[in-house]
Structure formats: C-alpha cells, structure tokens
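Structure at a glance
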Amino acid sequence: FSFNLAADCNAVLKALQPIFQEQGMTETVHNWEDHGYLVTYIKKNGSFANLRIHPHGLVLVDLQSYNDDMKGRQEVDQLLNKVEERMKELFHGNIKRVKRLPAILRGGVIDRYWPTADGRLVEYDIDEVVYDEDSPFQNIKILHSKQFGNILILSGDVNLAESDLAYTQAIMGSGKEDYTGKEVLILGGGDGGILYEIVKLKPKMVTMVSNIDQMVIDGCKKHMRKTCGDVLDNLKGECYQVLIEDCIPVLKRYAKEGRMFDYVINDLTAVPISTSPEEDSTWEFLRLILDLSMKVLKQDGKYFTQGNCINLTDALTLYEEQLSRLYCPVEFSKETVCVPSYMELY
C-alpha cells in the first residue's frame, strides 16, 4: 500500500491486528522511533506474515504459506483480501496505490525464475527439467516451457529456446544474405540452430568451432532437435564440419594459414569459456575475438554477432567503442529483434 502522505503507523497496526489474530497467529512487534514498525505473525502450521509499516507512507505485507495446495492458496487470498478491505475502509482517501504480487514458489522441484540480461526477474512456465548436467566448464540445463518449448540455459544464462528462430535469423542477417557457395565460420553456436539454418542455404562449406564443451552438443542434439534438426548427429556433413576446440587457437591458425571466410558469425556464450591466458576480462576476450575474426574475414566479408538487451545502453555503447579499437577500420550496422524466450528486445 502506498499512501499520498505520511502513514500513521500505530493506526495501521491497530487496524490490521484483529485480522491476523483471528487466524490464531502469534504477534511480535518491533518498533523504531523514526523508522516505523516491523510486525511478525506466526501460525502453528509454519505459515507466517511480515507487516512492515514505513512512516513515509508505505505499508508492505509479505505472507508465506506452509501449504502450496489449492486450500493453502485460497487461505492466503482470503487473508490478503481482508487486509486490503480493511485498509481501504480506513484510508481509502489517502491510498495512492495498492499492488498485490503473485506468489513466489520457493524451493520447488523445478526452478521457474530466471533473470533477464538487464537484471529483471522473470517467471517462466517451466513444467519439466529435461536435462541437467555439470560439464567440466559449466552447468547445462534444458528446461521445457509450455510456451517456448525446450530452453537451453548455460550457467544460469538463458541461451536459446525452440521458439527463438528470430534470434537465429537475425544473427544470420535477417534473410538479406546469400550464403550460396560461400565459406562460413561459426564461433560457438553449440545449440546447432545457426548451422542447421545455413546448411539449408547451400553454402560451399560451414566450419563451426563450438568451443570446448562437447556436453552442450550432446544435450542439444537429443533435446533441442526442433532447433538443430539432425546436423549435430555427426560432426561432419556434406558441406559442414564441427570442431570441438577453443576458438582462439583455431582463429590464430586460420589467420596464419591465410584461410579466409565470406562470413564469420559469433554466437559464443555471454560468459566466455576459453582456455586462453589472454582472457583477462570479458571485454578483452571480445576484442580479441573481433581482431582475430577480422584477420580471417575477406575484404568484402561480413561479421555477425549478438549485441545485448536493448535496455543495457551502456553495455551496447561500450561494445560499439570496441569496434573503433580494432587493428583495421570497420563499418557496422545494428538491428533490434524480439527474442521470444528472452522476453525482451535484443
């Protein structure tokens, strides 16, 4: 509850006490002269409520129920309804806003809560843990969402869902590029989505350096087939090969050999996995990948990569600044797309 003016802490406390006492809840009151009240109510079954009354005009009620069944949820709703009705009876002319948040399920068998890139907490409609393994490098989860299909999550970072063709299309140039007969290098992309889509376009050869974690490929080829099709079943195909190697030594080797590509697509994970000692920071890593990629890119070639959440303007500006620090001059453009499972513009 947010008030238009300072709250009478004592009046709020006296108004709400009978509601909790009717539930047989034991009350403990903490009073700070200038900072309002904290009141706890505890029920014999383990349920409890925190009532925080701020003198500047904010009243918070946090209710945690021991039972997560339908009956328990109904009891919570009934209690909160009574609190809301009582507050409106007494202070309706001075209440600026009433906001009730959905219940958070703590300690559930399935983790439904994952952060967006800009730090907001999102609750997904996860109903099944499809795959959950720790590789030598990271935790790999594939969770099923009713809305987005299977979702690949690497060390807590939502990477890609079966619903996210928009991401794959955007990082390939949004249908504006002709890959026919072209040499393509993919960095990362362990979910196989980019490889699967490019192979359809009749390239001359696609080389995918899928970093150093074989377990990502193993999990995706079994549980992300709507994304990768059958391209991860074998590490070599008619017009592609997949290398399970650190991309930095591979890029250096290609540069030394003079091997050149028409397209380089960087789909490495947000938190880099590298065995290279040159990785002092994420920005150092990104700039190193950029520099090495330019050395294997043809003069008229194109480099595609993901940027970041559109809300992270500082990070996007920093990334663009890196482009002016490369060993060679480059031109760049950017595009914003909605990636369904990210629940944000990217």
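Residues numbered from 1 in each chain as written. Predicted model: local features only at pLDDT ≥ 70, side-chain atom pairs only at ≥ 80, totals over all residues. Heavy atoms only, no water.

1. Some points on the overall build of the protein
Test applied: Strands are runs of DSSP state E lasting at least 2 residues, helices are runs of H or I lasting at least 4, and numbering of each runs from the N terminus. The size measure is the radius of gyration over C-alpha atoms, and the globule rule it meets is 2.2 Å times the number of residues to the 0.38 power. Categorising residues by exposure relies on relative accessible area from a 1.4 Å probe, with only protein chains included: less than 20% of the type maximum marks a residue as buried, more than 50% marks it as exposed, and the intermediate range marks it as partly exposed. Throughout, a residue-residue contact means that at least one pair of heavy atoms, one from each residue, lies within 4.5 Å.
Within the protein one finds nine helices and 19 strands. Relative to the globule expectation of 20 Å for 346 residues, the C-alpha radius of gyration of the protein, 27 Å, shows a markedly less compact shape. Dimensions of the protein, computed from the C-alpha atoms along their principal axes, are close to 80 × 40 × 35 Å. A burial count over the protein gives 45% of its 346 residues as buried. In the protein, once contacts between residues fewer than 6 apart in sequence are set aside, the share between residues at least 24 apart is 58%.

2. Description of the pattern of salt bridges
So the rule is basically this: Here, a salt bridge means any side-chain nitrogen of Lys or Arg that lies within 4 Å of a carboxyl oxygen of Asp or Glu.
On inspection of all chains with the given rule, the structure shows 16 salt bridges. Measuring nitrogen to oxygen at the nearest pair gives 3.5 Å for the salt bridge that ties Arg120 to Glu344. A residue pair is termed long-range when its members are at least 10 positions apart, and Arg120 in the loop between strand E7 (113-115) and strand E8 (121-123) and Glu344 in strand E19 (residues 344-345) qualify at 224 residues. Exposure remark for Glu344: the relative accessible area of 8% places this residue in the buried category. Between Glu284 and Arg287 there is a salt bridge, with its nearest N and O atoms 3.2 Å apart. Of the two residues, Glu284 and Arg287 both sit in helix H8 (residues 282-295), three residues apart, roughly one turn of that helix. Among the residues examined, Arg287 registers a relative accessible area of 13% and is labelled buried.

3. Considering helix H7 (residues 247-257)
Here is the rule we go by: In this description, one arc is meant: the one made by directions from the helix axis to the C-beta atoms. Any pair of N or O atoms that falls within 3.5 Å is considered a polar contact. Within protein, one atom must be able to donate a hydrogen and the other to accept it, and sequence-neighbouring residues count only if both atoms are side-chain atoms.
Taken together, the buried positions of H7 are occupied by Cys247, Ile248, Val250, Leu251 and Tyr254. In a view along the axis of H7, the buried residues occupy a sector of 165°, so they form one face of it. Relative to its buried face, H7 has exposed residues pointing more than 90 degrees away, namely Lys256 and Glu257. Against the buried residues of H7 lie strand E13 (183-188), strand E14 (205-209), strand E15 (240-243), strand E16 (261-267) and H8. Structurally, the start of H7 carries an N-cap: the backbone nitrogen of Ile248 is 3.1 Å from a side-chain oxygen of Asp246. Of the residues trailing H7, Gly258 is marked for its positive phi of about 80°.

4. Description of unusual backbone geometry
Look at Ser174: it is not a glycine, yet its phi comes out positive at around 55°. Following the sequence through the fold, Ser174 ends up in the loop between helix H3 (165-171) and E13.

5. Digging into the UniProt feature "active site" (unreviewed entry) in the protein
Heads up, the condition is: UniProt positions are given in the numbering used here, feature names are shortened, and annotations may be inferred rather than shown by experiment.
Residues annotated in UniProt with the feature "active site" (unreviewed entry) correspond here to Asp267. With residues up to four places along the chain from it excluded, the contact list for Asp267 reads Tyr167, Ile171, Leu187, Gly188, Gly189, Asp191, Ile194 and Gln306.

6. Side note on the packing of H7 against H8
Cut-off, in case you're wondering: Only the stretch in contact is used when a helix axis is fitted, and all axes are lines through C-alpha atoms; the angle between N-to-C directions ranges over 0 to 180 degrees. Should an angle fall under 35 degrees it is taken as roughly parallel, and over 145 as roughly antiparallel, whereas 65 to 115 is taken as roughly perpendicular and any remaining angle as oblique. Two helices cross in a left-handed way if the nearer one is turned anticlockwise from the farther one by less than a right angle. They cross in a right-handed way if the turn is clockwise. Think of it as three bins: nonpolar holds Ala, Val, Leu, Ile, Met, Phe, Trp, Tyr, Cys and Pro, charged holds Asp, Glu, Lys and Arg, and polar takes everything else, Gly as well.
Contact pair H7 / H8: the axes reach a minimum separation of 9 Å and the direction vectors enclose 25°. It follows from the interaxial angle that H7 and H8 lie roughly parallel. Note on packing geometry: the crossing formed by H7 with H8 is left-handed. Judged by residue contacts, Cys247, Ile248, Leu251, Lys252 and Ala255 of H7 engage Phe285, Leu288, Ile289, Leu292, Ser293 and Lys295 from H8. The residue inventory of the contact of H7 with H8, partitioned by class, reads eight nonpolar, one polar and two charged.

7. Considerations on the nonpolar core
Inclusion rule: Here, the term nonpolar core denotes a set of buried Ala, Val, Leu, Ile, Met, Phe, Trp, Tyr and Cys residues that are joined through side-chain atoms within 4.5 Å.
With 44 residues, the main nonpolar core has Ile198 and Ile265 as its most contacted residues. Among the elements that make up this core, the one with the highest residue count is strand E11 (residues 149-154) (four residues). Once residues within four sequence positions are removed from consideration, Ile265 is found in contact with Ile171, Met172, Tyr179, Val184, Leu185, Ile186, Leu187, Ile194, Ile198 and Phe304. Leu251, Tyr303, Tyr319 and Leu326 belong to the second-largest nonpolar core, a separate cluster that totals 25 residues.

8. Brief notes about the packing of helix H1 (residues 9-22) against helix H2 (residues 70-91)
At a minimum axis distance of 10 Å, the contact between H1 and H2 shows a crossing angle of 150°. If you check the angle between H1 and H2, you find them roughly antiparallel. Classified by chirality, the crossing of H2 by H1 is right-handed. Taking contact as the criterion, the partners of Ala11, Val12, Ala15, Leu16, Ile19, Phe20 and Glu22 in H1 are, on H2, Leu79, Lys82, Val83, Arg86, Met87, Leu90 and Phe91. For the contact of H1 with H2, the class distribution of residues is 11 nonpolar, no polar and three charged.

9. Some details on the pairing of E15
The side chains of a regular strand alternate between the sheet's two faces. So the rule is basically this: Here a strand pair is declared whenever DSSP counts at least two bridges between the two strands.
Both faces of E15 are covered, namely the face carrying Tyr240 and Val242 and the face carrying Gln241 and Leu243. Note: E14 against E15, four bridges, orientation parallel. In the strand pairing of E15, Thr207 is matched with Gln241.

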